[in-house]
Protein chains: 2
Amino acid sequence: MRTVDLIQRKRDGGELAPEEIEFLVEGYTSGDIPDYQMSAFLMAVFFSGMSDREVSRLTECMLRSGDTVDLSAIAGVKVDKHSTGGVGDKTSFIAAPLAAAAGVVVPMMSGRALGHTGGTLDKLEAIPGFRTNLTAEEFTTQLAELGLCFIGQTDRLAPADRKLYALRDVTATVESIPLISSSIMSKKLAEGVDALVLDVKVGSGAFMKKQVDARRLAQTMVGIGRRMDKKVQALITDMNQPLGYAVGNALEIMEASQTLQNAGPADLTKLSIELAARMIFLGKKSATLEEARHMAEHHLVDGSGYKKFKQVVAAQGGNPQALDKFELLPNATGMREVASPRAGYVSSINAADIGTASNMIGAGRDKKEDAIDPAVGIILEVKTGEKVDAGSVLCRLYYTKEDRVEEAAGMVEDAFRISSQKPEERELILEVVG
Amino acid sequence: MRTVDLIQRKRDGGELAPEEIEFLVEGYTSGDIPDYQMSAFLMAVFFSGMSDREVSRLTECMLRSGDTVDLSAIAGVKVDKHSTGGVGDKTSFIAAPLAAAAGVVVPMMSGRALGHTGGTLDKLEAIPGFRTNLTAEEFTTQLAELGLCFIGQTDRLAPADRKLYALRDVTATVESIPLISSSIMSKKLAEGVDALVLDVKVGSGAFMKKQVDARRLAQTMVGIGRRMDKKVQALITDMNQPLGYAVGNALEIMEASQTLQNAGPADLTKLSIELAARMIFLGKKSATLEEARHMAEHHLVDGSGYKKFKQVVAAQGGNPQALDKFELLPNATGMREVASPRAGYVSSINAADIGTASNMIGAGRDKKEDAIDPAVGIILEVKTGEKVDAGSVLCRLYYTKEDRVEEAAGMVEDAFRISSQKPEERELILEVVG
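### Section: the sheet that holds strand β6 (residues 246-247) of chain B
Residue and element names in this part refer to chain B.
Consideration 1: Taken in spatial order, the 4 strands line up as β6-β9-β11-β7 in an open sheet, and their pairing is antiparallel. With one partner strand each, in any of the chains shown, β6 and β7 (334-339) form the two edges of the open sheet.
Consideration 2: Against the sheet, helix α15 (residues 351-360) touches β6 and β9 (377-380), its axis set at about 140° to β9.

Here's what the structure looks like:
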């Protein structure tokens, strides 16, 4: 088997056999296949795509390249939730406690912020004392006790994916549906879950700008799950404006806390309940999806989801009081309002620009080494469809350093489109796949 | 300027500015841009193509990456001829002497055999004593005296192309029209020629299998020449069967010698005269192309082309007598006939398979390090359109080692397609571009 022949076959639109995919992944991980051949192969995949069989084998090879977590000692169905990344997306802190309150075991392995989107671990670490670097034993003990634990992915999970991702990042081969799918699924399946609920974001603030691409991504990931005997469902959800009102680490924790107390924004509440319901249903804690929705709502209204989250925060070293007393969370020192230049209706809010502006004042990182400022971020005052007057506040920037505040404010102002006509209402949950 | 952004732009079908192409070629040649980014870029070019402006700038950057030959001290228009590679293609040994006999200065810089096609240098070195590794001074002196010299391309010509070609070879990015065009043209233009006649082969024995691709390749190379103020004409010629009857180094020298004595195969004679005529016309030795054709024919019939070739052979250390007395050339020790399995018409002869079979018995090399056997090869007895009986000889394999003779004979037999109907006659010269 010669690597160059496999590259050529993929280039010419052919399908590789399972053992050929294996040869490539193992050869690359071991260093036998050099970067320059793999990057040419990845670019060929970008253009030629992959069959379901190929993408499943690729996922399996990456999954097997490292450790896999064995959660079989813990009773019950283990269900994780994964979002492809959006702006203001704090559903994990709401849906996971609601599902856990319903008896689902939720091993939440998450990543950090990169690019314009936020990271679950960074947001959690805004809570004073919260630790995400648990040992494997701490992780399984907490899971068994509380049914929910938040942890970072270790370097030993799917190392082939990490090596490939680093190469894709510098060779313009990130935006490929088979490569994105296999990257996500290899890590998720290495976590030892039985089922997975995916939130595939689409729109200005998502990696997928078009619904047709989001659908293909969702279908590919659901297909990988099916071939590996894991139940996977995907929601395709709108990311043409931030989810909720808060963007930024501590700010999002505050909004999640309010939402768990049934006092959160409508869109965030709705999506969190739907995600929790899918987790409950896949976790076999309800007979029907409808029943699962009622359970999720019930655990929101009766406060048991909130209580679960507080228990988890305490178990992981965080101060649960900070979820009630926001002054215990990191707080910004400065505030800058952004006003509407004219009267009209908010017709769209470019979510990627809001995310980028928030990062600009310190909420995110451009490079992996960058430090983030948990206190800073942006609070929207209005959302798409709302009426504004000239001079009324569109949003507020919360900052601790003035460096790039004006630049960020300009970007935020441009992110709001104000038009004279009321825009058509947009669905939040666009499709279900799987 | 970030390399990854340039890869992405090309991937997405965008055009790179001249300075961006320069950044890539210079960065890659100096080692600042790693192989893995360049190979991803090359694969993106394979799929997205290049504009005329891009391909011209790429050619120019590769050309300028090394030495360029200055032939301005030699009077007259300098015209080279280049073939994209075929099987049994020995036109250089006929067309170049005919053009030189007409007064054109012909600096012939050639390559070696690789893949299923033969190499001009390897064929010439079948003549005992013939040297192709001349010094620059020997080269220019001979050009001034005889108007024709055969030499190998030095490593100092277009080193960026050599580095890129080595990468393309192992990353399945060879078969790209902009990359092939710029590779050929950068080397040819570095030779300091004023004009160039291209023979773009199309068919089973050529790299281009389809005429539409050959046309695009020809148009791209002619376009590069035009943008660099060089006169370039391209013939698109049929390579669906070997040219002439002889395939193999010494065997091809013999056939070229016969053709220069006006006793060669019709197809080889016809194409050689047309190529010589184009060289004479671009070399400004005739007022019209028609007049150039007459001159080429005249120099064939009166033996002045043959005389010129003998002078060149002698000047480069070869024994010119070997062109008359073929026993002075390396001769094979064994012969194996391949007979027709049935009666009918030869409807096609897969030229690539004939070339591969010839290499199998030692005429070519698979890897650059391989040694070749100048004596061996294949002589066709019939060509497309001819009638054969069951058992009549299709061709003869000439060999010195028996190792792979039977395998080669099987391949050769399969290369001939015998059908009951006489096939339609095929044009040899299909198109002229430029």
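### Looking at the side chain of S110 of chain B
Consideration 1: Residue placement: S110 of chain B occurs in strand β2 (residues 106-110).
Consideration 2: Once residues within four sequence positions are removed from consideration, S110 of chain B is found in contact with T120, L121, I151, G152 and Q153 of chain B.

### Side note on the packing of aromatic side chains
Consideration 1: According to the stated counting rule, one finds 9 aromatic pairs over all chains in the structure shown.
Consideration 2: Arranged with centres 5.2 Å apart and planes meeting at 75°, the rings of F46 of chain B and F47 of chain B form a pair that is edge-to-face.
Consideration 3: Judged by its relative accessible area of 22%, F46 of chain B is partly exposed.
Consideration 4: Seen in terms of ring centroids, F93 of chain B and F150 of chain B are 6.1 Å apart; in terms of plane orientation they differ by 55°. Their pairing is tilted. Pair noted here: F93 of chain B is in helix α5 (residues 92-101) and F150 of chain B is in strand β3 (residues 148-152), with a separation of 57 residues, a long-range link.
Consideration 5: Judged by relative accessible area, F93 of chain B falls into the buried class, the value being 1%.
Consideration 6: F150 of chain B gets classed as buried once you look at its relative accessible area, which sits at 1%.
Consideration 7: Sitting above the plane of the Y28 of chain A ring, K163 of chain A keeps its charged end 4.4 Å from the centroid.
Consideration 8: Taking NZ or CZ as reference, K383 of chain B lies 5.6 Å from the ring centre of Y245 of chain B, over its face.

### So, the sheet that holds strand β10 (residues 387-388) of chain B
Residues and elements named next belong to chain B.
Consideration 1: Taken together, the 3 strands give an open sheet; going across it, the order is β10-β8-β12, and neighbouring strands pair in antiparallel fashion. Every other strand in the sheet has two partners, leaving β10 and β12 (416-419) as the edge strands with one partner each.
Consideration 2: Along the sheet face, helix α16 (residues 405-415) touches β8 (344-349) and β12 and points at about 40° away from the line of β12.

### Considerations on the relation of the copies chain A and chain B
The two chain copies are related to each other by a rotation about an axis together with a translation along it.
Consideration 1: Overlay of chain A on chain B (RMSD 0.1 Å): rotation 179°, translation along the axis 0.0 Å. The symmetry that links the two subunits is that of a two-fold axis. Across chain A, the smallest distance between a C-alpha and the rotation axis is recorded for Y36 of chain A, namely 1.9 Å.
Consideration 2: Interface overlap between copies is the fraction of interface residues in one copy that are interface residues in the other; for chain A against chain B it reaches 100%, indicating a shared surface.

### As for the nonpolar core
Consideration 1: By size, the foremost hydrophobic cluster in this structure holds 118 residues, and its most contacted members are V200 of chain A together with V200 of chain B.
Consideration 2: If we ignore the near neighbours within four places in the chain, the residues touching V200 of chain A are T84, A214, L217, A218, M221, A234, L235, I236 and T237 of chain A.
Consideration 3: Counting residues in each nonpolar core, the second largest holds 82 residues, with F150, V247, V312 and L323 of chain B among its members.

### Section: unusual backbone geometry
All names here are of chain A.
Consideration 1: Positive phi is not limited to glycine here, since A172 has a value of about 55°.
Consideration 2: Mapped onto the secondary structure, A172 falls in the loop between α8 (159-170) and α9 (177-190).
Consideration 3: Here A172 falls in the buried class, since its relative accessible area comes to 3%.
Consideration 4: Despite not being glycine, N262 shows a phi value in the positive range, around 65°.
Consideration 5: When you line up the elements, N262 lands in the loop between α11 (249-260) and α12 (266-282).

### As for the pattern of salt bridges
Consideration 1: Per the stated rule, a full pass over the model turns up 57 salt bridges over all chains.
Consideration 2: As a salt-bridge pair, K10 of chain A and E54 of chain A come within 3.0 Å of each other at their nearest N and O atoms. Of this pair, K10 of chain A sits in helix α1 (residues 3-11) while E54 of chain A is found in helix α4 (residues 52-63), placing the two residues 44 residues apart along the sequence.
Consideration 3: Relative accessible area serves as the criterion here: at 2%, E54 of chain A is assigned to the buried category.
Consideration 4: Linking E175 of chain A and R11 of chain B is a salt bridge whose minimum nitrogen-to-oxygen distance equals 2.8 Å. Placement of the pair is E175 of chain A in the loop between α8 and α9 and R11 of chain B in helix α1 (residues 3-11), with the two residues belonging to separate chains.
Consideration 5: On the basis of relative accessibility, which here comes to 40%, the residue E175 of chain A falls in the partly exposed class.

### Things to note about the interface of chain A and chain B
Consideration 1: Each partner contributes residues to the interface: chain A has 22 residues there, and chain B has 22 residues.
Consideration 2: Note on chain A versus chain B: buried area summed over both sides is about 1700 Å², and carbon and sulfur give 69% of it.
Consideration 3: Sorting the residues of chain A by area buried against chain B places R11, Y36 and F47 of chain A first, and these three jointly supply 36% of that buried surface.
Consideration 4: Linking chain A with chain B are 2 salt bridges, by the criterion used here.
Consideration 5: For the interface between chain A and chain B, the tally reads 9 residue pairs in polar contact (both at pLDDT 80 or more).
Consideration 6: For the side of chain A that touches chain B, the secondary structure elements donating two or more residues are α1, α3 (35-48) and α8 of chain A.
Consideration 7: Among the elements that take part in the side of chain A that touches chain B, α3 of chain A stands out by supplying 10 residues, more than any other.

### Here's the deal with the environment of A314 of chain B
Consideration 1: Locating A314 of chain B in the fold gives a position in helix α14 (residues 304-315).
Consideration 2: The spacing of A314 of chain B and F130 of chain B is 184 residues in sequence and 8.0 Å in space, taken between C-alpha atoms.

What counts, and at which threshold
- Residues numbered from 1 in each chain as written.
- Chains lettered and ligands numbered in written order.
- Predicted model: local features only at pLDDT ≥ 70, side-chain atom pairs only at ≥ 80, totals over all residues.
- Heavy atoms only, no water.
- Pairing = 2+ DSSP bridges.
- Helix = DSSP H or I, 4+ residues; strand = E, 2+ residues; numbered from the N terminus.
- Contact = heavy atoms within 4.5 Å.
- Axes fitted to C-alpha atoms, helices over the stretch in contact; angles between N-to-C directions.
- Phe/Tyr/Trp six-rings, centres within 6.5 Å; stacked < 30°, edge-to-face > 60°.
- Buried < 20%, exposed > 50% of the residue type's maximum accessible area, 1.4 Å probe, protein only.
- Lys NZ or Arg CZ within 6 Å of the ring centre and 35° of its normal.
- Least-squares fit on C-alpha atoms with pLDDT ≥ 70 in both.
- Core = buried A, V, L, I, M, F, W, Y, C linked by side-chain atoms within 4.5 Å.
- Salt bridge = Lys/Arg side-chain N within 4 Å of Asp/Glu carboxyl O.
- Buried area = accessible area lost by both parts, 1.4 Å probe.
- Polar contact = N/O pair within 3.5 Å; in protein donor to acceptor, adjacent residues only side chain to side chain.

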